[in-house]
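# Breakdown of the fold
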Amino acid sequence: MNRKKLYIIGNGFDLYHGIPSGYWNFREYVEQVDNDLYEELNTYFNPDDLWSDFESTLEHLDTDEIVDYAMNFLESYSHPDWSDSMHHDYQYELERKIGIVTVSLKRHFTDWILSLEIKNHNNANEFGLDGNARFINFNYTRTLEVIYNISTKNIFHIHNKAIDKDSLLILGHSRNPADIASFNDVQGIEDQDVRITEGNEILDNYFVETYKQSEQIIDENKGYFDSLNEIEEIVIIGHSLSEVDKKYFQHIATKINAANVTWKVSYHSKDKIDENTKLLVDCGINESLISFHPNSEIENGIDPNQVKLFE
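Report follows, based on the coordinates.

Rules and cut-offs
Residues numbered from 1 in each chain as written. Predicted model: local features only at pLDDT ≥ 70, side-chain atom pairs only at ≥ 80, totals over all residues. Heavy atoms only, no water. Helix = DSSP H or I, 4+ residues; strand = E, 2+ residues; numbered from the N terminus. Expected span 1.5 Å × (residues − 1). Buried < 20%, exposed > 50% of the residue type's maximum accessible area, 1.4 Å probe, protein only. Polar contact = N/O pair within 3.5 Å; in protein donor to acceptor, adjacent residues only side chain to side chain. Contact = heavy atoms within 4.5 Å. Axes fitted to C-alpha atoms, helices over the stretch in contact; angles between N-to-C directions. Parallel < 35°, antiparallel > 145°, perpendicular 65-115°, else oblique. Left-handed = near helix turned anticlockwise from the far one by under 90°. Pairing = 2+ DSSP bridges. 1 Å grid on protein atoms, 1.4 Å probe; cavity = no way out; pocket = protein on both sides within 12 Å on 5 of 7 lines; lining within 4 Å. Points joined across faces, edges and corners; volume = space filled by probe spheres on them. Nonpolar A, V, L, I, M, F, W, Y, C, P; charged D, E, K, R; others polar.

## Examining helix α9 (residues 194–209)
Helix length check: α9 (16 residues) gives 23 Å between terminal C-alpha atoms against 22 Å at 1.5 Å per residue, within 8%. If you check which residues of α9 are buried, you get Arg195, Ile196, Thr197, Gly199, Asn200, Ile202, Leu203, Tyr206 and Phe207. Two to three positions downstream of the cap, the backbone nitrogen of Arg195 sits 2.8 Å from a side-chain oxygen, assigning the N-cap of α9 to Asp193.

Set out below in structure tokens:
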């Protein structure tokens, strides 16, 4: 294994290879296989945001809309047909709606990833990848293994890999639940209907369940991140460099020799270069060590000086 070179692979890598792995493709899949879920998602999230930035949008669940729906099941204790079973109707409906967004959504997400076809290109190395290098793969697919014949021992699937329907894939938003006020953080809580209080706990738990536990993933893989101290070059291919994964890049920057490690970043559109540069610099990376390259020239560029933007 080449311990001095690290590739960081994002979804743009799969898209480049013709794999329909965009969130808009997931939207089409959900609409086809579970239209009820599709309608629910479009009701409780902003559809334009959801299907363009799926993970980040999970933190913007329209809880007001869900509560308004569940309130139809919050019967007065003085209702003429009151029974003890009605005491849990409101909470049940909240849990049912939340379950659609969490359990059902994740189940379909895993099924969708498993359905993606990865066509073997006779191991044609379009990116000039070093097969002996190290790889941090943010994708859930086996594209590196299938198309590039990269050994699994060289690949760290940081959010796990889709192997079967029981695979536990990690996806979620980046907003720490600890920074979100509890729905029960209200005055007069002691006089609040206990059903409302329990319902608010269900809503609070949603943001815990859909939070991407980046710190925990880093802690659980401490040995791997510590071993990055030998890295001399990092190549990022197809990663959006969004806030939801920022903590990983911050942590990597603390484990390498930040004064010497070069960063080569692929881009699909020049429009994102300034934004991506800012994120990497915010992570503690020296801007003079960052260069951006078109996807097709990330490793096979003719003239490195032509695409070196920050010299």
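## Quick notes on the environment of Leu94
Within the fold, Leu94 resides in helix α7 (residues 89–115). In this structure Leu94 comes out as buried when scored by relative accessible area, which is 0%. Note: C-alpha distance between Leu94 and Ile202 (108 residues apart in sequence) is 7.2 Å. For Leu94, the residues in contact, after removing those within four places along its chain, are Ile66, Val67, Ala70, Gly199, Ile202 and Leu203.

## A closer look at the packing of helix α3 (residues 35–44) against α7
Close contact between α3 and α7 brings their axes to 11 Å; oriented N to C, the two are set at 125 degrees. In terms of their interaxial angle, α3 and α7 are classed as oblique. As α3 packs across α7, the resulting crossing turns out to be left-handed. Facing α3, whose interface residues are Leu37, Glu40, Leu41 and Tyr44, α7 presents Lys97, Ile100, Ser104, Leu105 and His108.

## Considering the sheet that holds strand β3 (residues 155–157)
As summarised here, the arrangement of the 6 strands in space is β3-β2-β1-β4-β5-β6, forming an open sheet in which the pairing is parallel. Whereas interior strands pair on both sides, the edge strands pair on one side only; in this sheet they are β3 and β6 (290–294). Averaged over neighbouring strand pairs, the angle between their axes works out to 20 degrees when direction is ignored. The pairing of strand β2 (residues 134–137) with β3 spans 3 bridges and is parallel. Each residue of the ladder has a partner; that of Ile136, found in β3, is Phe156. On top of the sheet, helix α13 (residues 273–282) reaches β4 (233–237), β5 (262–267) and β6; it is set at about 145 degrees to β6, its chief contact.

## Section: the pairing of strand β1 (residues 5–9)
Both faces of the sheet carry side chains from a regular strand, because those side chains alternate between them. Burial analysis of β1 places 5 of its 5 residues in the buried class, which makes it a mostly covered element. What you see with β1 is no split at all: Lys5, Tyr7 and Ile9 on one side and Leu6 and Ile8 on the other are buried throughout. Relative to β4, β1 is paired through 5 bridges, and the arrangement is parallel. Residue pairing in the sheet places Ile8 in a bridge with Ile236 of β4.

## Overview of empty space enclosed by the protein
All told, the structure shown has 1 cavity of 30 Å³ or more when counted by the stated rule. Estimated volume of the largest cavity: approximately 60 Å³.

## Topic: the packing of α7 against α9
Contact pair α7 / α9: the axes reach a minimum separation of 9 Å and the direction vectors enclose 10 degrees. Taken together, the axes of α7 and α9 lie roughly parallel to each other. Together, Tyr90, Gln91, Leu94, Glu95, Ile98, Val101, Thr102 and Lys106 of α7 and Arg195, Ile196, Glu198, Gly199, Ile202, Leu203, Tyr206 and Glu209 of α9 make up the contact between the two elements.

## Focus: α3
Turning to α3, its buried residues are Leu37, Tyr38, Glu40, Leu41, Asn42 and Tyr44. Its buried side turned inward, α3 meets α2 (23–33), α4 (47–50), α6 (63–70) and α7.

## Looking at the layout of surface pockets
As a volume, the largest pocket reaches approximately 1,200 Å³. In terms of lining residues, the largest pocket is bounded by 46 residues, among which Asn11, Gly12, Gly238, His239 and Ser240 are the most central. When contributions to the lining of the largest pocket are tallied by element, the ones reaching two or more residues are α1 (11–16), α2, α5 (54–57), α7, β5 and α13. Sort the elements by how many residues they give to the lining of the largest pocket and α13 lands first, with 6 residues. Broken down by class, the residue content of the lining of the largest pocket amounts to 16 nonpolar, 19 polar and 11 charged. Of the pockets and cavities examined, the second largest pocket occupies roughly 430 Å³. Along the wall of the second largest pocket there are 21 residues; nearest its centre are Lys106, Leu168, Leu169, Ile170 and Leu171. Residue assignment for the lining of the second largest pocket shows that the elements contributing at least two residues are α7, α9 and α10 (214–220). The element best represented in the lining of the second largest pocket is α7, accounting for 5 residues. Among the residues forming the lining of the second largest pocket, the class breakdown is 9 nonpolar, 5 polar and 7 charged.

Geometric descriptors of this kind do not, in isolation, establish any biological role.
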